[in-house]
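A closer look at the structure
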Amino acid sequence: MLQYLAELENVFGPLRLFKSHSFLILFGMYLAFITGYFLIPYFSKHLPRDRGKVLSVEGEKSAGKPTGAGIIFIIIFAVISILTLKFDTEIYLIILLTIITMLTGYFDDRSTNPWGEYKKAIIDLLLAIIVSYVLYQFGNIQVWLPFTNKIMQWPWYIFIPVSTIIVWLSINTTNCSDGVDGLSSVLVLVGLITLGALMYIILGHIEISSYLLLPHLTDGAQWGIMIFIMAGSLVSYLWFNAYPSQVLMGDAGSRALGFFIGLCIIKTGNPFLYFVISTVLIVNGGTGLVKVAFLRFLNIRIFHNTRFPLHDHVRQNRNWSNTQVMIKFFIIQILITIGLSGIFLKIR
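Here's a quick rundown of the structure.

The rules behind the values
Residues numbered from 1 in each chain as written. Predicted model: local features only at pLDDT ≥ 70, side-chain atom pairs only at ≥ 80, totals over all residues. Heavy atoms only, no water. Helix = DSSP H or I, 4+ residues; strand = E, 2+ residues; numbered from the N terminus. Rg over C-alpha atoms; globule rule 2.2 N^0.38 Å. Contact = heavy atoms within 4.5 Å. Areas by Shrake-Rupley, 256 points an atom, 1.4 Å probe, with all protein chains shown as cover. Lys, Arg positive; Asp, Glu negative; His and termini not counted. Charge placed at Lys NZ, Arg CZ, Asp CG, Glu CD. 1 Å grid on protein atoms, 1.4 Å probe; cavity = no way out; pocket = protein on both sides within 12 Å on 5 of 7 lines; lining within 4 Å. Points joined across faces, edges and corners; volume = space filled by probe spheres on them. Nonpolar A, V, L, I, M, F, W, Y, C, P; charged D, E, K, R; others polar. Salt bridge = Lys/Arg side-chain N within 4 Å of Asp/Glu carboxyl O. Phe/Tyr/Trp six-rings, centres within 6.5 Å; stacked < 30°, edge-to-face > 60°. Buried < 20%, exposed > 50% of the residue type's maximum accessible area, 1.4 Å probe, protein only. Lys NZ or Arg CZ within 6 Å of the ring centre and 35° of its normal.

In this section: the overall build of the chain. Secondary structure summary: the chain contains 14 helices and 2 strands in total. For the chain, whose C-alpha radius of gyration is 20 Å, the value lies close to the compact-globule estimate of 20 Å for 348 residues. C-alpha extents for the chain along the principal axes are approximately 60 × 50 × 35 Å. For the chain, long-range pairs separated by at least 24 residues make up 75% of all intrachain contacts whose partners lie at least 6 apart in sequence. Per element, the accessible surface of the chain, about 16,200 Å² overall, is 68% carbon and sulfur. The average position of the 24 basic charges and that of the 17 acidic charges among the side chains of the chain differ by 6 Å.

Glancing now at empty space enclosed by the protein. Tallying each qualifying case throughout the model produces 1 cavity of 30 Å³ or more. There is about 40 Å³ of room inside the largest cavity. Lining the largest cavity, in full, are Val143, Trp154, Phe159, Val162, Ser163, Ile266, Gly269 and Pro271. The element that contributes the greatest number of residues to the lining of the largest cavity is helix H6 (residues 156-176), accounting for 3 residues. Considered class by class, the residues forming the lining of the largest cavity number 6 nonpolar, 2 polar and no charged.

With that settled, consider the pattern of salt bridges. Inspection of the entire model under this criterion finds 6 salt bridges. Close ionic contact of Arg255 with Asp124 constitutes a salt bridge, the shortest N to O distance being 2.7 Å. Here the residue Arg255 occupies a position in helix H10 (residues 250-268), and Asp124 occupies one in helix H5 (residues 117-139), the gap between them amounting to 131 residues. Ionic pairing is found between Asp219 and Lys267, a salt bridge with its closest N-O pair at 3.6 Å.

Within the structure shown, the criterion is met by 17 aromatic pairs. Ring geometry for Tyr42 versus Phe43: centroids 5.0 Å apart, planes at 90°, classification edge-to-face. What makes Phe43 partly exposed here is its relative accessible area of 36%. Taking 6.5 Å as the distance between ring centres and 55° as the angle between the ring planes, the aromatic pair formed by Tyr106 and Phe107 counts as tilted. Taken together, the ring pairs connect Phe33, Tyr37, Phe38, Trp239 and Phe240 into an aromatic cluster. Between Lys119 and the ring centre of Trp115, over which it is positioned, the NZ or CZ distance is 4.1 Å. We note Lys328 situated over the ring of Trp320; from NZ or CZ to the ring centre the distance is 4.4 Å.

This is how it looks when you write it as structure tokens:
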């Protein structure tokens, strides 16, 4: 909404800064961080308490800590996004669906009896289908793939299933990786910064996108602003979640972040970017999903010598501390993201 102030006649001089997308990125990101810095500790005392993860390494240490902090920083993200961005039906629907995803996680966090896996999987699937339909209807997304300079327009019967799979996987791999203080937040933050820069600097810039033979997103700057606002909100939570954590995001945070990352990847037009910015999340949490699926539905044991999520395996079998897990996984993700991003953008 603040962008409209800059368009008024005889507007007060400094308000013209709200015409600048780069200023709005900085403004929104820092405002989200500062707001979260003060509100998260204030409201955390009203959050439900973590029950502890029985099968997780050192899971008992999280028992009793405030959890579900995702409800705080996701609402901060939503309010500041609405305050900062121009009205856009697609973006507002995305914000609404992110809030709904957060609420499904929060109700699970505060539930006396944890929700069943199948119940959560079905809810995730429905949300993934809905957001895929929204992106298809409003986005007019042009698909670009690695190692080819062809730009395609996928029909709905290809786009919606592919989008649904990516969003569903993103929700669940992010959720499964939330078991070490700061780990999930740091890995998601790498993805958010990558996507925000891609949206604003490359896809949102007509000359740069044309030079790289990529489709130009006319609303790329607006998406870039929204993504960096989410990054600022997440950093405010990470401030209190750094080891040893004072508060936990719970399913309210991890599910909403996974949902948001997934849909933003689809919005870029290249679903393969999921493997660029969420590699460690996929390996850490996603392979555990594969292991369980093979055992439960096919009665086939795979990775039987490996504990999942992988962060539990390295803590138990290699005696890595929580700090070592976070920093080493972060380094791996940074190296993969920088390397594969360059390959995906240039070798086409």
